[in-house]
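# A structural walkthrough
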Amino acid sequence: MLLADFGTTYAKFIDLAAPEPHPYLEAAKKIKADLRVDMATGHNAKRYTTKYVNELTALARGGEYLINEPDFTLLDCGSRDIKFIRYEKGKMADMGWNAECGASMGFTIELLGRYYNIDFTKLEVPQTSFSVTCGVLGISQIFDEITTGCDETQAVARFVKSIALNAHRFAGEPDRLYLSGGLCANPLFVRSFPGTVIPLGRFVLLRGLSVVAGMEASWP
Amino acid sequence: MGIVGVPPLHIMAALEKCRATLFDLDETIVRRDMEETILYLPRVYCAILRTVVINSLHLDLQAIIMDVGPGKCDCALHVATILADRLSIPVLTTINRDTTPYGNPLCTADMPLPEKIAQICKSIQSTARHRELPACLPTAAFWGVPPRDFSLLALFPNTTHVYGWTRCMENKTPADLRLESLYNAAVPTVFFAQSFCAKTALAKHLADKHPCALFLDNDISAGSSVRAKIQAFLELSGACHASC
């Protein structure tokens, strides 16, 4: 059974029929149009499957499986959108999905990293941040910072911290936050959150799909 | 005759008496590009009132009766001013403070939610008493105003009870803030308001108080993330299974 999470920049797959299933990534732009999978989530998913599971459901089921605590907040930061789910006493208590205002954060961070050739593993978390609503408006803020004499790398670092603070606020400002999605791979972003952050990686939604399919045991 | 909001009963009775053909201008009647409204209103404005402007511009109306004040909103008052200034027909404003309760049989009925809310909207055009309907046991609740895009209502189960201003509409007491603020804490509830509407504050406030709630705002049409939010909320809260 082939499961997939079709994200904006990357698609994530796992073949649960394989002898030793393991998840893998593929750049979204390299996926062939005639690909068909057994079950999928993600904003492009309906193009590739007849069994679509919405992203928040996949996130929640993946979180329930991986975290196994009655109270938790799980925030997923991808290329295009951010979404969170909060559980209290083992039940869903709150959720949110921001795909319009506040969107394109991950995409913008990746774009800026490439444009300015920034190694996010080597950047310290800056002291200050600035107010950004979304990735696109944030770019204008970066240019403003640079024109007032701020170093380019420092301006981008402030932007990344601002995005992390926005995402933290969006998730209800928990002291302890589980983080999933592509931005888990950006150490500056992860360290920019206030409080404790526990990164779970890119495959939480895929894990959620395996739960929905009733095949979580096939993927230890 | 165009009507906006819920005009007072005595006005509706007079309109009934003269058998006026009524158009509820809050509803999408004329399908034109919403961008036409930027000649009259800021682009970032309530989609319902932008719809009122589109309908007013393109329907052949003799007059418009707009309810403004606590039974509708301040934005309607300002839109009434603009339409009165820009149109050649009379634009009359009313302030509905009716307090006679008509009840809420549709709000609690077992019926597809789009049909239920469409019937509530239609009911404001009549002064007749509501037909009795058996109340169902609720599995979900929708709080708020009738959305501009009714397609988002199709995601709810038939056993969804209706609260908020829509309940006030059926009760014919649109300025009843106590009734508008009512919710059922025992049932998973979506608190909905149109984006850029003052009611977003009340929707968010009540959603924060409710133990199992989703605060939702939407502008012109319901996109994929809005639909997915509703679907996931109904499924994860136990109000509705993935297949419903």
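Residues numbered from 1 in each chain as written. Chains lettered and ligands numbered in written order. Predicted model: local features only at pLDDT ≥ 70, side-chain atom pairs only at ≥ 80, totals over all residues.

## A short note on the overall build of chain A
Across its full length, chain A holds six helices and nine strands. Scaling as 2.2 N^0.38, a compact globule of 220 residues should have a C-alpha radius of gyration of about 17 Å, and chain A matches this with 18 Å. Taken along its principal axes, the extent of the C-alpha atoms in chain A is 55 × 45 × 30 Å. Counting over 220 residues, chain A shows a buried share of 47%. Sequence separation of 24 or more characterises 59% of the internal contacts of chain A that already satisfy a separation of 6 or more. (Helix = DSSP H or I, 4+ residues; strand = E, 2+ residues; numbered from the N terminus. Rg over C-alpha atoms; globule rule 2.2 N^0.38 Å. Buried ≥ 20, exposed ≤ 12 C-beta atoms within 10 Å, placed from the backbone. Contact = placed C-beta atoms within 7 Å.)

## A look at the interface of chain A and chain B
Interface size is commonly expressed as the accessible area that is lost once the parts come together. Taken together, the contacts link 11 residues of chain A with 11 residues of chain B. Elements with a contribution of two residues or more to the side of chain A that touches chain B: helix H1 (55-67) and strand E7 (91-98) of chain A. By residue class, the composition of the side of chain A that touches chain B is six nonpolar, three polar and two charged. (Nonpolar A, V, L, I, M, F, W, Y, C, P; charged D, E, K, R; others polar.)

## Side note on the sheet that holds strand E9 (residues 196-201) of chain A
Picture the strands of a sheet paired through backbone hydrogen bonds; they go either parallel or antiparallel. Residue and element names in this part refer to chain A. If you walk across this open sheet you meet the five strands as E7-E6-E5-E8-E9, and the pairing is mixed. Taken across any chain shown, the strands that pair with only one partner, and hence form the sheet edges, are E7 and E9. Neighbour-to-neighbour, the strand axes of this sheet turn through a mean angle of 20 degrees, independent of strand direction. Relative to strand E8 (residues 176-180), strand E5 (residues 72-77) runs parallel, the two sharing three bridges. Bridge assignment links Leu 74 to a residue of E8, and that residue is Tyr 178. Here helix H4 (residues 152-170) sits on the sheet in contact with E5, strand E6 (82-88), E7 and E8, set at roughly 40 degrees to E6. (Pairing = 2+ DSSP bridges. Axes fitted to C-alpha atoms, helices over the stretch in contact; angles between N-to-C directions.)

## Remarks on the nonpolar core
Among the nonpolar cores identified, the biggest contains 128 residues, and Trp143(B) and Phe191(B) are the most heavily contacted of them. Mapping this core onto the domain boundaries places at least three of its residues in each of domain 1 (2-94) and domain 2 (113-236) of chain B. (Core = buried A, V, L, I, M, F, W, Y, C linked by C-beta atoms within 7 Å. Domains from an automatic or database assignment.)

## A word on the environment of Leu106(B)
Residues and elements named next belong to chain B. Mapped onto the fold, Leu 106 is located in the loop between strand E4 (91-94) and helix H4 (113-123). Separated by 92 residues in the primary sequence, Leu 106 and Ala 14 have C-alpha atoms spaced 25 Å apart. With residues near it in sequence (within four places) discarded, Leu 106 still touches Lys 116, Gln 119, Ile 120, Leu 133 and Glu 170.

## Looking at the domain arrangement of chain B
Residue and element names in this part refer to chain B. Looking at the assigned domains, one finds that chain B contains domain 1 (2-94) and domain 2 (113-236). Between the C-alpha centres of domain 1 and domain 2 the distance comes to 22 Å. Contacts between domain 1 and domain 2 engage 22 residues on the former and 15 residues on the latter. Secondary-structure elements contributing two or more residues to the side of domain 1 that touches domain 2 are helix H1 (9-17) and helix H2 (47-58). The biggest single contributor to the side of domain 1 that touches domain 2 is H1, with four residues. Of the residues that constitute the side of domain 1 that touches domain 2, the class distribution is 13 nonpolar, four polar and five charged.

## Observations regarding the packing of H1(A) against helix H8 (residues 224-236) of chain B
Two numbers describe how H1(A) lies on H8(B): the axes approach to 8 Å, and their chain directions differ by 40 degrees. With respect to H8(B), the element H1(A) is oriented oblique. In this structure, H1(A) uses Glu55(A), Leu56(A), Thr57(A) and Ala60(A) to contact H8(B), whose residues at the interface are Ala228(B), Lys229(B), Ala232(B), Glu235(B) and Leu236(B). When its residues are assigned to classes, the contact of H1(A) with H8(B) shows five nonpolar, one polar and three charged. (Parallel < 35°, antiparallel > 145°, perpendicular 65-115°, else oblique.)

## Overview of the packing of H2(B) against helix H3 (residues 74-86) of chain B
Residue and element names in this part refer to chain B. Packing of H2 against H3 leaves a shortest axis separation of 10 Å and a crossing angle of 25 degrees. For the element pair H2 / H3, the angle class is roughly parallel. You can see that H2 and H3 cross each other, and the crossing is right-handed. Facing H2, whose interface residues are Leu 49, Val 52, Val 53 and Ser 56, H3 presents Cys 75, Ala 76, Val 79 and Leu 83. (Left-handed = near helix turned anticlockwise from the far one by under 90°.)

## Quick word on the environment of Val30(B)
All names here are of chain B. Relative to the helices and strands, Val 30 is located in the loop between strand E2 (23-24) and H2. Placed 26 residues apart in sequence, Val 30 and Ser 56 show a C-alpha to C-alpha distance of 9.1 Å. Among residues more than four places away in sequence, those in contact with Val 30 are Ile 54, Asn 55, His 58 and Leu 59.

## Points about unusual backbone geometry
Among all residues except glycine, the phi angle is most often negative; among peptide bonds, the trans geometry is most common. The phi torsion at Glu173(A) lies on the positive side, around 55 degrees, for a residue other than glycine. In this structure, Glu173(A) sits in the loop between H4 and E8. Of note in the backbone geometry, Arg19(B) takes a positive phi value of approximately 55 degrees without being a glycine. Within the secondary structure, Arg19(B) sits in the loop between H1 and E2. Taking the C-beta count within 10 Å as the criterion, Arg19(B) has 7 such neighbours and is therefore assigned exposed.

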